[in-house]
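Inside the fold
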Amino acid sequence: MAAGYLDILRARHAARLLAGTLVGRLPNGTAPVAIVLFTRAEGGSYALAGALAAVYGLATAVGQPLLGRAVDLYGQPRVQLPAAVVSALGMALLALVGLGSLPPAYAAVAVAGVFTPPLEGGLRALWPSVLGGEERVHRAYAMDAVAQEVMFTVGPLLVTVLVSLWSPAAALLVINALGVLGALSVVLSEPSRTWRSAPREAHWLGALRSPGLLALLGSFFFVGLALGSITVAGVAYADDHGRESVYGWLMAALGLGALIGGAVYGARQWAGAPERRLRVIVALLALGYLPLMLTPGVVAMTALAAVAGVFLAPAIACSFIVVDRHAPRGTVTEAFSWLVTTFGVGAAAGTAVAGPAVELGGTSWSFAVAGAGGVAALLVLLATGRVLAVPGRTAVSARGSENDRNGAVEPGFSSGHQA
């Protein structure tokens, strides 16, 4: 298992691109906790902290596909680095001005969110030109999904350490400065500087003109909803058991399950169409979420959380392959950015729905939202199976276009539907 991942990391530029992207995404991955801690330190309420975090999340959802389209049109360095700098300046404004006047605070987080660089989609656009072979690219997708779990675990811990050493304002400044450095490392690399998207058909819908991509986005809205609801349900469960540490155990178990699942998934080569495989993985994901409704004792619940997390990273990794197959030519970064946006909006919806569910029916009802989200994601995939069975473009030789993300497959490999 480890040999396959080491093979990827030994490829020229691969380790730098992965590390740079993860560091560059730290501001986005830590923004919710950083904003909450900063707001509370400034004397603001939890309601204000939640509102500021929500504005940031909504602004990010708006900005990602727009910036992704700009990357496809103008290249990575001309978009990623300026966006990272403007986003960091937005957070710096929040840290320096504080909450004395709320309009500038809301404007600051909105600017930071809108200009969050689409490094995640950009990395996936670079993997084929760096790794070449289809199997290695698919393994890199799995490694990418696992690395995200690590970032979303380590990132908040880094914020809390910076807060304890200095202050919440300093944490905002340091994290965003690191984000700019990460983006700089990526865009100065040769693959990022030389990558060019394939020629694209002018269309106002961009990537969204692909029916298969729309079907995938519809499904992953509900996957995001399920995951978002678990964060609220976990807090309610911890409250029921009178220990805040229980929440940490549940989230750690969920992340551990995702790490294990992603590592195992990426360690082997899978046969058959990824669209069919994704339906199976999402079915198992939904099956893992449903038992959480039982809300047993802490030990059993932690074990259930670990099982529930096992199929998350494989689902995300497989979705990357499906995006690659269905993204219209010349829109790959935008398509990946739409996946990020849809997943994030779904997670926000899940947190919004799970709260009233706790009030109406208790903790088990909030976990039922996660189960319902998983089932809904599966139903969308089943209902759109015919659309997903037809990838939106045909194969292009990697030799003919090394930097074309949509054409980066091995010569002779068909990216069309596999019977």
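Above this text sits the structure in question.
Before going into details, it helps to say that this report is about the structure given with it. This structure is a prediction, so every number in the text was calculated from the model and none was measured.

Details of the overall build of the protein chain
What the protein chain contains, in helices and strands, is 18 helices and zero strands. Here the protein chain has a C-alpha radius of gyration of 21 Å; the compact-globule value for 419 residues is 22 Å, and the two agree. In terms of overall dimensions, the protein chain has C-alpha extents of about 60 × 45 × 40 Å along its principal axes. In the protein chain, buried positions account for 53% of the 419 residues. For the protein chain, long-range pairs separated by at least 24 residues make up 82% of all intrachain contacts whose partners lie at least 6 apart in sequence. Accessible area of the protein chain: about 16800 Å², with a carbon and sulfur share of 70%. Each charge class in the protein chain can be summarised by its mean position, and for the 25 positive and 20 negative side chains these summaries are 7 Å apart.

Overview of the nonpolar core
Ranked by internal contacts, the top residues of the largest apolar core, which has 102 residues, are Met-91, Leu-94, Trp-127, Leu-131, Phe-220, Leu-278 and Tyr-289. A per-element tally of this core places helix α11 (residues 211-240) first, with twelve residues.

Side note on the packing of aromatic side chains
Tallied over the full model, the rule gives five aromatic pairs. Ring geometry for Tyr-265 versus Trp-270: centroids 5.3 Å apart, planes at 20°, classification stacked. You can call Trp-270 partly exposed: its relative accessible area is 34%. For Arg-124, the ring lying beneath its charged end belongs to Phe-320, and the centroid distance is 3.6 Å.

A closer look at the packing of α11 against helix α12 (residues 245-266)
Viewed as axis vectors pointing N to C, α11 and α12 meet at an angle of 150°, and their least axial separation amounts to 8 Å. Crossing hand, α11 versus α12: right-handed. Where α11 approaches α12, its residues Leu-227, Ile-230, Thr-231, Gly-234, Val-235, Tyr-237 and Ala-238 are matched on the opposing element by Val-246, Tyr-247, Leu-250, Met-251 and Leu-254. Here the contact of α11 with α12 is composed, by residue class, of ten nonpolar, two polar and no charged.

Definitions and cut-offs
- Residues numbered from 1 in each chain as written.
- Predicted model: local features only at pLDDT ≥ 70, side-chain atom pairs only at ≥ 80, totals over all residues.
- Heavy atoms only, no water.
- Helix = DSSP H or I, 4+ residues; strand = E, 2+ residues; numbered from the N terminus.
- Rg over C-alpha atoms; globule rule 2.2 N^0.38 Å.
- Buried < 20%, exposed > 50% of the residue type's maximum accessible area, 1.4 Å probe, protein only.
- Contact = heavy atoms within 4.5 Å.
- Areas by Shrake-Rupley, 256 points an atom, 1.4 Å probe, with all protein chains shown as cover.
- Lys, Arg positive; Asp, Glu negative; His and termini not counted.
- Charge placed at Lys NZ, Arg CZ, Asp CG, Glu CD.
- Core = buried A, V, L, I, M, F, W, Y, C linked by side-chain atoms within 4.5 Å.
- Phe/Tyr/Trp six-rings, centres within 6.5 Å; stacked < 30°, edge-to-face > 60°.
- Lys NZ or Arg CZ within 6 Å of the ring centre and 35° of its normal.
- Axes fitted to C-alpha atoms, helices over the stretch in contact; angles between N-to-C directions.
- Left-handed = near helix turned anticlockwise from the far one by under 90°.
- Nonpolar A, V, L, I, M, F, W, Y, C, P; charged D, E, K, R; others polar.

Scope: geometric values only; no functional claims are made or implied.
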